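Listed here are the chains, written in short residue letters.
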Amino acid sequence: MTWTEPSPTGTALLLLGRGSDPSSERGVDCPGELPAPSDPTLVARAAAAKAALGDRLFILGHHYQRDEVIQFADVTGDSFKLAREAAARPHAEYIVFCGVHFMAESADILTSPAQRVVLPDLAAGCSMADMAVLGQVEDCWDRLDEVGLAEGTVPITYMNSSADIKGFVGRRGGAVCTSSNAERALRWAYERGERVLFLPDQHLGRNTAVLELGFSLDDCVLYDPHKPDGGLSAAQLDAAKIVLWRGHCSVHGRFTVDSVREVRERVPEVNVMVHPECRHDVVLAADHVGSTEYIIRTIDAAPAGSAWAVATELNLVRRLGNAHPDKRIMFLDRTVCYCSTMNRIDLPHLVWALEELVAGRVVNEITVDADTAHHARVALDRMLALS
Ligand code: 13P
Ligand code: SF4
């Protein structure tokens, strides 16, 4: 990936360098005949399969998906909007989720048992979601219980977590949140308890607690599942308003205060806008912080000629640049990086999944067991009721 300065017309250009084509990240096996990426009929094949399935099919596309995939989405959105859209499609027999595993699990939980949710590539996971494993979270809860704090603690999990973790949270009176409603979810939690256990993204938890709820950094403690007792004493847990899980996003964690400083020097009138999964110091240095939907709305409403350095996933930033040639949209950091797991969903996998559905075979189905789904649904419904 190479970065170029904004063009003379004011359009930021992000050019793919040879060898950095995200399709080279492909390589995961799928149980069947995957079309060749070079097949010139892929677009026509996807369109034909989609037309053949008609209203039986609904395709959801997260904002971080590739252009080649997003063109086939019936709706695009952030994880919150997509969860609502999945829940609002009771008549679609097949939900094809172009996003990552935890999103497809949530879609399965929010849809009826007769509806089938398909993730075109099962390797499309999320490194952040993988940082909180059920056994570790249960150990953390046991520790809170041991020191007499579990009762006053409300667990909140970011959407970017497995169904197991959502189920855990639902069982213990907690809720799911996304980056669009983390503030509301935290306020909801503090009406029910004096402390929050926030899973698995420490940055979203810290940024929301400090910047939206007015807590101090000292009110936040970091629970490290790889240390005995999470690395925290009973007194530290007792004094905390929010116990943050030591998880982070490998994409958003790359942005630094230096990249903010550098872009401000290079483009003095620039507005810096970051996703709340970025580190706290980066968010403090930025002008705007918000979810992917917020980022899109803000750029849509921005005046022509304005300059924006955006810290979120590259597919979205590049699409914003293409959609707004009258504005200068640039990626915040020069070490440009896609979310490699979001990028797993490519046109060959989409064509393969759709053609299998046309042939009457449901491949890569995502199912959550009934008990987990029940409790995870409780936590998801609490989130949906917040809005
Ligand atoms: P949104 O909640 O903004 O969709 O973000 C999801 C995500 O994976 C961000 O990394
Ligand atoms: Fe997970 Fe980060 Fe990718 Fe979002 S961008 S899916 S949080 S790894």
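Residue numbering note: each chain is counted from 1, following its sequence as written. To label them, take the chains in the order written and letter them from A, then take the ligands in the order written and number them from 1. Owing to the predicted nature of the model, reporting of local features is limited to residues with pLDDT of at least 70; listing and counting of side-chain atom pairs is limited to 80 or more, with chain, interface and lining totals taken over all residues. Heavy atoms throughout the structure, all of them, feed into the side-chain values; hydrogens and water do not.

**Student:** Explanation requested: the overall build of the chain in the structure shown.
**Tutor:** The secondary structure content of the chain amounts to 15 helices and 15 strands. Computation of the radius of gyration draws on C-alpha atoms, with the globule rule given as 2.2 Å multiplied by the number of residues to the power 0.38. In terms of overall dimensions, the chain is globule-like: its C-alpha atoms have a radius of gyration of 21 Å, near the 21 Å expected for 387 residues. With the C-alpha coordinates of the chain rotated into their principal frame, the extents come out at 65 × 55 × 35 Å. Taking all 387 residues of the chain together, 58% fall into the buried category. Within the chain, contacts between residues separated by at least 24 positions form 67% of all contacts whose residues are at least 6 apart in sequence. Only the protein chains shown count as cover for residues, and all accessible areas are computed by the Shrake-Rupley method using a 1.4 Å probe. Accessible surface for the chain amounts to roughly 15200 Å². Of this, 50% is attributable to carbon and sulfur atoms. The chain carries 37 positive and 53 negative side-chain charges, and their two centres are separated by 3 Å. Numbering of helices and strands starts at the N terminus; helices are DSSP runs of H or I of at least 4 residues and strands are runs of E of at least 2. For the exposure calls, accessible area comes from a 1.4 Å probe over protein chains only, and a residue counts as buried if that area is under 20% of its type's maximum, exposed if over 50%, partly exposed in between. Throughout, a residue-residue contact means that at least one pair of heavy atoms, one from each residue, lies within 4.5 Å. His is not counted, nor are the chain ends; Lys and Arg add positive charge and Asp and Glu add negative charge. Charge positions come from single atoms, namely NZ of Lys, CZ of Arg, CG of Asp or CD of Glu.

**Student:** Help me understand the site of ligand 1, please; the structure alone is not making it clear to me.
**Tutor:** For this description, a residue counts as near a given molecule or strand if any of its non-hydrogen atoms is within 4 Å of it. Inspection of the region around ligand 1 gives His-62, Tyr-64, Asp-78, Ser-79, Tyr-158, Asn-160, Ser-179, His-252, His-275, Glu-277, Ser-291 and Thr-292 as its neighbouring residues. The side chain of Ser-179 places a nitrogen or oxygen atom 3.0 Å from an oxygen atom of ligand 1. As used in this structure description, the phrase polar contact means that two N or O atoms lie within 3.5 Å; if the pair is within protein, one of them must be able to donate a hydrogen and the other to accept it, and residues adjacent in sequence are counted only when both atoms belong to side chains. Here Thr-292 contributes a side-chain N or O atom positioned 3.0 Å from an oxygen atom of ligand 1. Bound to the protein, ligand 1 loses 96% of the 300 Å² it would expose on its own. Looking at side-chain class alone, the shell around ligand 1 contains two nonpolar, eight polar and two charged residues. Under the scheme applied, nonpolar residues are Ala, Val, Leu, Ile, Met, Phe, Trp, Tyr, Cys and Pro; charged residues are Asp, Glu, Lys and Arg; polar residues are all the others, including Gly.

**Student:** How should I be thinking about the pattern of salt bridges in this particular structure?
**Tutor:** If the charged atoms of two oppositely charged side chains come close together, the side chains can form a pair. Any Lys or Arg side-chain nitrogen located within 4 Å of an Asp or Glu carboxyl oxygen qualifies as a salt bridge. Scanning the model with the defined rule gives 23 salt bridges in all. Across the salt bridge formed by Asp-224 and Arg-246, the nearest N and O atoms sit 4.0 Å from each other. Highlighted residues: Asp-224 in the loop between strand 10 (220-223) and helix 9 (234-239) and Arg-246 in the loop between strand 11 (242-245) and helix 10 (257-266), separated in sequence by 22 residues. The buried category is assigned to Asp-224, whose relative accessible area is 10%. According to the relative accessible area criterion, Arg-246 is partly exposed, its value standing at 40%. A single salt-bridge network, built from bridges that share partners, covers Asp-39, Arg-45 and Glu-355.

**Student:** In this structure, what is going on with the sheet that holds strand 6 (residues 116-118)? I would like to understand it.
**Tutor:** Where strands meet in a sheet, backbone hydrogen bonds hold them as pairs that are either parallel or antiparallel. Strand order in the open sheet made by the four strands is 4-3-5-6, with parallel pairing throughout. Lying at the two open borders of the sheet, with one neighbouring strand each, are strand 4 (75-77) and strand 6. Going from strand to strand, the sheet's axes swing by 20 degrees on average, the running direction of each strand aside. With five bridges joining them, strand 3 (residues 57-62) and strand 5 (residues 94-98) adopt parallel strand pairing. Its bridge partner being in strand 5, Leu-60 is matched across the sheet by Phe-97. Comment: axis = line fitted to C-alpha atoms, over the contacting stretch for helices; angle = value between 0 and 180 degrees taken between N-to-C directions. On top of the sheet, helix 3 (residues 79-87) reaches strand 3, strand 4 and strand 5; it is set at about 145 degrees to strand 4, its chief contact. The strands touched by helix 14 (residues 347-358) are strand 3, strand 5 and strand 6; relative to strand 5, the strand with the most contacts, the crossing angle is about 175 degrees. Two strands form a pair only when DSSP identifies at least two bridges running between them.

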